[in-house]
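Residues per chain, in single letters:
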Amino acid sequence: MASILSAAKRLGDYRYTQEEVEPWLRRWLDGSGEALELLLRMARNSQVAARASAVPIEEVFRERSFEEKNDLYTQKAIELAEEAARRALGQAGVAPEEIDLIISVSCTGFMIPSVDAHLINRLEMRPDTKRLPMTEMGCAAGATALARASEYLRAFPRHKALVLSVELATLTFQPGDLSMDNLVSAAIFGDGAAAAVLAGDTRRPGARIVDCRTTTLPGTTGLMGFHLSNSGFRIILSKEIPSAVRARVKPVVEGFLRDNGLSLQDIRHFVFHPGGKRILEVYHSELGLPEESLRFSAKVLREHGNLSSSSVLVILEEVLRSGEAEAGDNGLLLAMGPGFTIEQLLLRWND
């Protein structure tokens, strides 16, 4: 089985509290009346205290072409991804040339060649390192990348893999879009990169990936995603997302655990992508989880906002760093994304 040896993050260079963002929101929506008041209420009630940005806040609110935004994305994505990868490799005690597979995920920009190709050069990895860039999976992609890495390592148990996520949501912001979806995005999303190092058969401490499952819910493709317009990415965040999660998350989770001979009561560590305040509330109510169980998810949402696919890796970093996991403990990692897809990984801590 594959084990996760480390996880590390690298946030955007510029950090702003919600109080510091609010004057910019006021300027942006000056004269819009109802939209401004709605956005301010959402931001204040979002349980997001601060967020990072890859560019200064004045640049977030400046109109620019899709080409300009994507050029910035390319530059900043490479910088943040490289640092996150170096940190994860350092924590794992793994040299770049030991990596056999690199999986990169992102949904907030386009790069060809993808960011993993740049890192193979910048980190001086082996030229025969396998590459697997994955796009268009949204917030679920961090979990999906871990799952695909674990499957690869079952086939090649002596290999090591690097999983990398980079999301620069502020560069997708649309100043001319006053839709509810864009207002929500302006209130909760932040920028950052995260990485994880995995190994096949190993006796080292870490969280083994025991099983993984992807569940794509029928009839839900319109709930979230991006519409690609002339001005760039226009976010889609349906107000039906919480109700869809509420209706389906419990049987999906319980079925996965049951097939592994477990129940929710057997899980000690929950590594759940928070999405937003309402999604955390659904987890609590539908799965019967106390607030303590999801404190790391709530902490990452509060301190960094929604980092899309990077969030679950940042939460995993918090769990690993806490030192609370003991040998034999079970964990459940979960993230959801466009499709509408629920990605789950069952974890068990090594000696």
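Residues numbered from 1 in each chain as written. Predicted model: local features only at pLDDT ≥ 70, side-chain atom pairs only at ≥ 80, totals over all residues. Heavy atoms only, no water.

Caption draft 1: Examining helix H2 (residues 34-44) more closely. Among the residues of H2, those classed as buried are Ala-35, Leu-36, Leu-39, Leu-40 and Ala-43. The arc enclosing the buried residues of H2, seen along the axis, measures out at 130°, which places them on a common side. Facing away from the buried surface of H2 by more than 90 degrees, the exposed residues are Glu-34 and Arg-44. Considering only its buried residues, H2 is in contact with helix H1 (18-28) and helix H7 (180-188). (Buried < 20%, exposed > 50% of the residue type's maximum accessible area, 1.4 Å probe, protein only. Helix = DSSP H or I, 4+ residues; strand = E, 2+ residues; numbered from the N terminus. Arc of directions from axis to C-beta. Contact = heavy atoms within 4.5 Å.)

Caption draft 2: Up close: the pairing of strand E1 (residues 3-11). By the criterion of burial, E1 is predominantly enclosed, with eight of the nine residues buried. Where E1 lies against strand E7 (residues 191-199), eight bridges are found, and the strand directions are antiparallel. Among the inter-strand pairings, Ala-7 is bridged to a residue of E7, identified as Ala-196. As paired elements, E1 and strand E8 (residues 207-216) share two bridges and run antiparallel to each other. Its bridge partner being in E8, Ser-3 is matched across the sheet by Arg-208. (Pairing = 2+ DSSP bridges.)

Caption draft 3: Quick peek at the pattern of salt bridges. Inspection of the entire model under this criterion finds 23 salt bridges. Salt-bridge contacts for Glu-151 lead to Arg-148; the nearest nitrogen and oxygen are separated by 2.8 Å. A residue pair is termed a helical-turn pair when its members lie 3 or 4 positions apart in one helix, as Glu-151 and Arg-148 do in helix H6 (residues 141-155) at three residues. The partly exposed category is assigned to Glu-151, whose relative accessible area is 38%. Note that Asp-329 and Arg-268 form a salt bridge whose closest N and O atoms lie 2.6 Å from each other. Taken as a pair, Asp-329 in the loop between helix H11 (311-322) and strand E12 (330-337) and Arg-268 in the loop between helix H8 (241-259) and strand E11 (269-272) lie far apart in primary sequence, 61 residues in all. Residue Asp-329 is classed as buried on the basis of its relative accessible area, which comes to 11%. The class for Arg-268 is partly exposed, based on a relative accessible area of 43%. Here the salt bridges do not stand alone but share partners, grouping Lys-9, Glu-317 and Arg-321 into one network. (Salt bridge = Lys/Arg side-chain N within 4 Å of Asp/Glu carboxyl O.)

Caption draft 4: A look at unusual backbone geometry. In this model, Ile-112 is joined to Pro-113 through a cis peptide bond whose omega is 5°. In this structure, Phe-340 follows Gly-339 across a cis peptide bond, with omega equal to -10°. Assignment of secondary structure puts Phe-340 in the loop between E12 and strand E13 (341-349). The backbone phi angle of Gln-47 is positive, close to 65°, even though this residue is not glycine. Looking at the secondary structure, you find Gln-47 in the loop between H2 and strand E3 (50-53). Classification of Gln-47 by relative accessible area gives partly exposed; the value is 41%. Positive phi outside glycine occurs at Glu-124, with the angle close to 55°.

Caption draft 5: The sheet that holds strand E4 (residues 101-106), seen in detail. The strand order across the open sheet built from nine strands is E5-E4-E6-E7-E1-E8-E13-E12-E11, with neighbouring strands paired in mixed fashion. Across the chains shown, the open sheet's two edge strands, defined by having one partner strand only, are strand E5 (130-135) and E11. When the angles between neighbouring strand axes are averaged without regard to direction, this sheet yields 20°. (Axes fitted to C-alpha atoms, helices over the stretch in contact; angles between N-to-C directions.)

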